[in-house]
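# Chain and residue survey
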Amino acid sequence: GAGVSQTPSNKVTEKGKYVELRCDPISGHTALYWYRQSLGQGPEFLIYFQGTGAADDSGLPNDRFFAVRPEGSVSTLKIQRTERGDSAMYLCASSLTYLDTQYFGPGTRLTVL
Amino acid sequence: AQSVTQLDSQVPVFEEAPVELRCNYSSSVSVYLFWYVQYPNQGLQLLLKYLSGSTLVESINGFEAEFNKSQTSFHLRKPSVHISDTAEYFCAVSERQGGSEKLVFGKGTKLTVNP
């Protein structure tokens, strides 16, 4: 079956702009995660959804970052007033339920000029 | 908070040689450990995992890892590598608290297999 998909694959924006990154999880997966991977680093947790609700948003770096999952499937990560330090690969993962194996998408590479 | 240390950022080896990628973790609670692999221009893929039971776990492509609680390690090994094993390997520990689960990753080890 289809894996986790993320769009766009690449996003280039200017400092101060607003961006949205989309994640389509594997069908039927109730848990969804966002991670951020900076160059030379491992992925770092941002937020975890169980169904429609954010069960843990402790990894969001500041209030410019926000994520939603209104129908319990597709999720959107939103970044306001982007800064150059936001440049990274943003990864989405989903799992069948809480505590199951996480399957990752190919990521969205965000570049803030 | 849990943490993961991958001691080698880069490991070059020749084809058919054995390899060990080292991973140490810090955790004060039950431990669930993972190795993910990222091939060039691809996403993260689960290679193998330890949840409970036998401390030696194996992947379908010949890798194995051993959970060692006393040494807080989960090193990845393969007795004979192929060119196609060239990739970046990430060790991760599952942090579970208050109804949430997150993976805490190491910085990764780039394995380069040379002919």
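Notes on the structure follow. These numbers come from a predicted model, not from an experiment.

Rules behind the numbers
Residues numbered from 1 in each chain as written. Chains lettered and ligands numbered in written order. Predicted model: local features only at pLDDT ≥ 70, side-chain atom pairs only at ≥ 80, totals over all residues. Heavy atoms only, no water. Contact = heavy atoms within 4.5 Å. Buried area = accessible area lost by both parts, 1.4 Å probe. Salt bridge = Lys/Arg side-chain N within 4 Å of Asp/Glu carboxyl O. Polar contact = N/O pair within 3.5 Å; in protein donor to acceptor, adjacent residues only side chain to side chain. Helix = DSSP H or I, 4+ residues; strand = E, 2+ residues; numbered from the N terminus. Buried < 20%, exposed > 50% of the residue type's maximum accessible area, 1.4 Å probe, protein only. Pairing = 2+ DSSP bridges.

## Focus on the interface of chain B and chain A
Taken together, the contact pairs 16 residues of chain B with 20 residues of chain A. Between chain B and chain A, roughly 1,600 Å² of surface is buried when both sides are summed, and carbon and sulfur atoms account for 52% of that area. The largest per-residue losses of area from chain B upon contact with chain A belong to Leu44, Glu101 and Lys102 of chain B, which jointly make up 32% of the total buried on that side. Where chain B meets chain A, there are 1 salt bridge. Among the salt bridges present, the one from Asp56 of chain A reaches Lys102 of chain B, with a minimum N-O distance of 3.5 Å. Along the contact surface separating chain B from chain A lie 5 residue pairs in polar contact (both at pLDDT 80 or more). Broken down by secondary-structure element, the contributors of at least two residues to the side of chain B that touches chain A are β5 (33-38), β6 (44-50), β10 (87-97) and β11 (100-105) of chain B. Top element by residues in the side of chain B that touches chain A is β11 of chain B. It accounts for 5 residues.

## A closer look at the pairing of strand β4 (residues 31-37) of chain A
All names here are of chain A. Burial analysis of β4 places 7 of its 7 residues in the buried class, the great majority of the element. Burial along β4 is two-sided: Ala31, Tyr33, Tyr35 and Gln37 facing one way and Leu32, Trp34 and Arg36 facing the other are all buried. In terms of strand pairing, β4 meets strand β5 (residues 44-50) through 6 bridges, oriented antiparallel. In the sheet register, Trp34 faces β5, and the bridge partner there is Ile47. Examined bridge by bridge, β4 and strand β9 (residues 88-95) share 7 bridges and lie antiparallel to one another. Across the sheet, Arg36 pairs through a bridge with Tyr90, a residue of β9.

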